[in-house]
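Report on the structure
Residues per chain, in single letters:
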Amino acid sequence: GFLQSSIGVVAINNHLAEGIKINIYPNPAVKNIVLETNQFSGLTYELYSTSGSVLDRKEIISDKTQISFERLPAATYYIKVIQGVSSYMTYKVVKQ
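Let me sum up the structure you'll find in this document. (Residues numbered from 1 in each chain as written. Predicted model: local features only at pLDDT ≥ 70, side-chain atom pairs only at ≥ 80, totals over all residues. Heavy atoms only, no water.)

1. Regarding the overall build of the protein chain
Looking only at helices and strands, the protein chain features zero helices and eight strands. If you list the helices and strands of the protein chain from N to C, you get β-β-β-β-β-β-β-β. For the protein chain, buried positions account for 35% of its 96 residues. Long-range contacts, defined here as pairs at least 24 residues apart, represent 53% of the contacts in the protein chain between residues at least 6 apart. Summed over all atoms, the accessible surface of the protein chain reaches about 5900 Å², with 49% contributed by carbon and sulfur. (Helix = DSSP H or I, 4+ residues; strand = E, 2+ residues; numbered from the N terminus. Buried < 20%, exposed > 50% of the residue type's maximum accessible area, 1.4 Å probe, protein only. Contact = heavy atoms within 4.5 Å. Areas by Shrake-Rupley, 256 points an atom, 1.4 Å probe, with all protein chains shown as cover.)

2. A closer look at the pattern of salt bridges
Scanning the entire structure with this criterion turns up three salt bridges. Put simply, E36 and K64 hold a salt bridge, and the shortest N to O gap is 3.8 Å. Of this pair, E36 sits in strand β3 (residues 32-37) while K64 sits in strand β6 (residues 64-68); the two residues are 28 residues apart in sequence, bridging distant segments of the chain. E36 gets classed as partly exposed once you look at its relative accessible area, which sits at 25%. (Salt bridge = Lys/Arg side-chain N within 4 Å of Asp/Glu carboxyl O.)

3. So, the pairing of strand β4 (residues 43-49)
Summarising burial for β4: six of the seven residues are buried, a large majority. Of the pairings in the sheet, the one linking β4 to strand β7 (residues 75-83) comprises seven bridges and is antiparallel in character. For S49, the partnering residue across the bridge sits in β7 and is Y77. Where β4 and strand β5 (residues 54-59) come together, five bridges link them in antiparallel fashion. When the bridges of β5 are listed, Y48 appears paired with V54. (Pairing = 2+ DSSP bridges.)

4. Section: the sheet that holds β6
The strand order β2-β3-β6 describes an open sheet built from three strands, whose pairing is antiparallel. Two strands in the sheet have a free side with no partner beyond their single neighbour: β2 (22-25) and β6. With strand direction ignored, the average angle separating the axes of adjacent strands in the sheet is 20 degrees. With five bridges joining them, β3 and β6 adopt antiparallel strand pairing. In the sheet register, L35 faces β6, and the bridge partner there is T65. (Axes fitted to C-alpha atoms, helices over the stretch in contact; angles between N-to-C directions.)

5. Details of the packing of aromatic side chains
To describe a pair of aromatic rings, one takes the distance between the centres and the angle between the planes. Within this structure, the stated rule accounts for one aromatic pair. Centre to centre, the rings of F69 and Y77 are 5.7 Å apart; their planes meet at 75 degrees, and the pair counts as edge-to-face. Under the relative-accessibility criterion, F69 is labelled buried at 0%. (Phe/Tyr/Trp six-rings, centres within 6.5 Å; stacked < 30°, edge-to-face > 60°.)

Here it is in structure tokens:
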């Protein structure tokens, strides 16, 4: 048989400045997700495992950023979008 992966995305909290919109899609996804934002200046993202290990960290340099899940095993992950020192939004991402 052939197993196909999918990713489900759930926002956990929002501590970003007012007016910043973040959308993570597609849902479900197989290989990649797209992090889309209306304002990317000064934003970075971090991809975490459930144990808290940082798997990826990049500056967001456009309104659409592709994040690869291709080499990651089926599990739960967290994407933290960070603005400045203390503003962030965290998303729970499940790859099945």
